[in-house]
Amino acid sequence: MGLMLHHPALSTADLPWLHVFEAGFAHLGETFATPTEPTPLPAAYWVGCNDALREALGLPSDLWEQLEAMALFTGNLPLRDHPSYASVYSGHQFGQWAGQLGDGRALNLGALQTPIGLQELQLKGAGPTPFSRRGDGRAVLRSSIREFLASEAMHGLGIPTTRALCVTGSPAHVRREDIETAAVVTRVAPSFVRFGHFEHFSSNGQIDALRILADHVVTAHFPALQHKKGSERYVDLLHEVTQRTAVLMAQWQAVGFCHGVMNTDNMSVLGLTLDYGPYQYLDGFDANHICNHSDHQGRYAYARQPQIAYWNLFCLGQALMPLIDEQAPALAALEGYKQAFPAAMDQGMRHKLGLQGTHHGDRALVEDLLQAMQQDRVDYTVFWRRLSLAVRESANSTHAFAPVRDLFMHREVFDAWCKRYLERLGSSHRQAAGDAMLRTNPKYILRNHLGELAIRQAKQGNFAMVQELLHVLHAPFDEHPTHEAWAGLAPEWASSIEISCSS
Ligand code: AMP
Ligand code: MG
């Protein structure tokens, strides 16, 4: 807490790298951004520092040595000339209208002009806000490490996501099922605007505010639509968000990512993966996998995600209707999902299989493969990686597919599928196809048990595994010989890890 005595509040002039600070979303005013000071945490320490993102943002190389930076990112140094704020939103949770929610534990610092464009900075867990309802405004160390690693794993995989710059921790107690300790994640994104922001102003009949929000999103994030006038602009916005969401869902499905809480308040208008809570990357393939132990109905099961995203897009469309003259074009924009998702999904799976061109039998090939994997709960990531290697080796070896075959209990099912696959793949260019597959099918994913091991060590004050995982997950298609074990099958105990909304 010593720092606070020296710097009761900081001016952006005191931190040279904050000179480029701008209001960003906050320039919309207090209807959208409620000034809220962070609540300090005692004895802050670094948990995770993302040096690759620091560099991409053009922040100084000694950032992690600056006590002011640690204090700022923990919420211990309010910026005098840039009040932090929380934003109001509403949303549908588990299919029900939940009314007003808002940033209950996220505080936005403002936007930084960076080499990768204007980026909003947000502290998650920096204390209560006017929207905390009964929550404490805090995040625990465990869930903060999970968010930090998952955001960056997604980025490494090339899947749109909010980023995470750092995590700081504090010995301050936070009550969940057990007593845990507090942490703050500094998140970075061009925008944190959610479907729920639109639902909020629309449901309250604040149509002027709804229009201001939509115009801001168009101007700042969909500049190609700026010249569109009136109703057409908002229909096109809906179309764009629909298309981006369809692509995102295909990417989640292809990599085996299960979000866990796809409420409309967790859906990004930019089509970014947002709000990492009880997520899971699949181990053994199970289309019906439910990663969130609080999701008793399985609403957000892995295979249901694309359909849920479509449902959520209808909530966004509904919210935009006061700005749109006729229903038909809005419905047409939403309908676009029915082509965009399957097209992106087919393309994604063709890439995973190393297939060139399109063939009418491709979808059946994929469906039959997934059915075989489902039957034997074949490890999703290991399968694709071994298949990629096998395709590459098969140019010279007739036994190349044995390691893939070994993953199946029903060998005859795999053999029959593999025969069809190889016919479709063709016999030439196997090496090139395999190489491309190795750049599509990651060797490393953030399996639950890897995050769990990093968390256990961090709780003992050892953050080496957090940093090492970050490094490996930033390059998940590469070989990391010293971390071969992290590419292996999940251990027996992994299935007993329980992940819920409590974070
Ligand atoms: P989530 O399901 O984590 O996306 O959270 C849903 C809503 O609850 C959001 O409005 C969050 O800001 C809020 N929330 C979650 N946890 C807390 C907390 N510990 N304190 C205050 N608000 C919270
Ligand atoms: Mg949320």
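Attention now goes to the domain arrangement of the protein chain. By the assigned domains, the protein chain splits into domain 1 (12–189), domain 2 (195–347) and domain 3 (361–438). For domain 2 and domain 3, the distance between their C-alpha centroids amounts to 33 Å. Facing 14 residues of domain 2, the contacting portion of domain 3 comprises 9 residues. Here domain 2 packs against domain 3, burying approximately 820 Å² in sum over the two surfaces, 45% of which is carbon and sulfur. Of all residues in domain 2, Asp 283, Phe 285 and Asp 346 give up the largest surface area on contact with domain 3, accounting jointly for 56% of the area buried on that side. Here domain 2 and domain 3 share 1 salt bridge between them. The partner of Arg 363 in a salt bridge is Asp 346, and the shortest N-O contact between them spans 2.7 Å. Seen at the junction of domain 2 and domain 3, the total is 7 residue pairs in polar contact (both at pLDDT 80 or more).

This structure, assessed with the given rule, holds 24 aromatic pairs. Note on Tyr 310 and Tyr 337: the rings are 4.9 Å apart at their centroids and 10 degrees apart in plane angle, and the pair reads as stacked. Residue Tyr 310 is located in helix α8 (residues 305–320), and its partner Tyr 337 is located in helix α10 (residues 337–353); the two are separated by 27 residues in the primary sequence. In terms of burial, Tyr 310 and Tyr 337 fall into one category: buried. Aromatic side chains Phe 414 and Trp 417 sit 6.1 Å apart centroid to centroid with 35 degrees between the ring planes, which places their arrangement in the tilted category.

On to the pairing of strand β5 (residues 90–93), then. Summarising the sheet, β5 and strand β6 (residues 96–100) pair through 3 bridges and their orientation is antiparallel. Looking at β6, one finds that His 92 is bridged to Trp 97. The turn linking β5 back onto β6 is made up of 2 residues, and Phe 94 within it adopts a positive phi angle of 50 degrees.

With that out of the way, let us pick up the site of ligand 1. Looking at ligand 1, there are 17 residues lining it, with Gly 102, Gly 104, Arg 133, Gly 137 and Asn 266 nearest. Within the side chain of Arg 105, one N or O atom sits 3.2 Å away from a nitrogen atom of ligand 1. Take Gly 137: an N or O atom from its main chain is 2.8 Å from a nitrogen atom of ligand 1. Burial of ligand 1 by the protein chains amounts to 81% of its free accessible area of 480 Å². A per-class count over the shell around ligand 1 returns 2 nonpolar, 7 polar and 8 charged. Taken domain by domain, the makeup of the shell around ligand 1 includes at least three residues from each of domain 1 (12–189) and domain 2 (195–347).

Turning next to empty space enclosed by the protein. One way to see where empty space is left: roll a probe the size of a water molecule over the atoms. Scanning the model with the defined rule gives 5 cavities of 30 Å³ or more in all. Here the largest cavity defines a volume of roughly 90 Å³. Lining the largest cavity, in full, are Phe 25, Tyr 85, Ser 87, Asp 103, Asn 108, Glu 120, Gln 122, Ser 191, Phe 192, Val 193, Arg 194 and His 197. Sorting the residues of the lining of the largest cavity by element identifies β4 (85–87) and β8 (117–124) as the ones contributing at least two each. In this structure, the second largest cavity is lined by 13 residues; those nearest its centre are Leu 248, Asn 266, Met 267, Ser 268 and Leu 272. Here the residues of the lining of the second largest cavity sort into 7 nonpolar, 6 polar and no charged.

In this section: the pattern of salt bridges. Throughout the structure, instances matching the rule amount to 26 salt bridges. Among the ionic pairs, Arg 447 bridges to Asp 283, the shortest N-O distance being 2.8 Å. On the criterion of sequence distance, the pair formed by Arg 447 in the loop between α15 (430–438) and α16 (448–459) and Asp 283 in the loop between β13 (280–281) and α8 is long-range, its members being 164 residues apart. We note that Arg 447, like Asp 283, is buried. The network of salt bridges with shared partners includes Lys 124, Glu 147, Arg 187, Arg 194 and Asp 275.

Calculation notes
- Here, residues in each chain are numbered from 1, in the same order as that chain's written sequence.
- The lettering of chains begins at A and the numbering of ligands begins at 1, in the order of writing.
- Only residues with pLDDT of at least 70 are given local features in this predicted model, and only at 80 or more are side-chain atom pairs given and counted; all residues enter the totals for whole chains, interfaces and linings.
- Water and hydrogen atoms were dropped before computing side-chain values, which therefore reflect all heavy atoms in the structure.
- Boundaries of every domain are those given by an automatic assignment or by a domain database.
- Contact between two residues is taken to exist if any of their heavy atoms lie within 4.5 Å; hydrogens are not considered.
- Put simply, buried area is how much 1.4 Å-probe accessible surface two parts lose in total, over both of them, once they are put together.
- The working definition used for a salt bridge is a side-chain nitrogen of Lys or Arg within 4 Å of a carboxyl oxygen of Asp or Glu.
- Counted as a polar contact is a pair of N or O atoms within 3.5 Å, where, for protein atoms, one must be capable of donating a hydrogen and the other of accepting one, and residues adjacent in sequence contribute only when both atoms are in side chains.
- The aromatic pairing rule takes the rings of Phe, Tyr and Trp, using the six-membered ring of Trp, and pairs them if the centres are within 6.5 Å, calling planes under 30 degrees apart stacked, those over 60 edge-to-face and the rest tilted.
- A helix here means a DSSP run of H or I that spans at least four residues, while a strand means a run of E at least two residues long, and both kinds are numbered starting from the N terminus.
- Per-residue accessibility, obtained with a 1.4 Å probe over protein chains only, is compared with the maximum for each type, and a residue is labelled buried under 20%, exposed over 50%, and partly exposed between these values.
- Paired strands, as defined in this entry, are two strands with at least two bridges between them according to DSSP.
- For this purpose, a residue is taken to be near a molecule or strand whenever a single non-hydrogen atom of the residue falls within 4 Å of it.
- Residue-level accessible areas treat just the shown protein chains as cover; the underlying method is Shrake-Rupley with a 1.4 Å probe.
- Three categories are distinguished: nonpolar for Ala, Val, Leu, Ile, Met, Phe, Trp, Tyr, Cys and Pro, charged for Asp, Glu, Lys and Arg, and polar for the others, with Gly belonging to the last.
- Grid spacing is 1 Å over the protein atoms alone, the probe is 1.4 Å, and a cavity is where that probe fits but cannot get out, while a pocket is an open set with protein on both sides within 12 Å along at least five of seven lines and lining residues have an atom within 4 Å of a point.
- Grid points are joined across faces, edges and corners, and a volume is the space filled by probe spheres set on the points.

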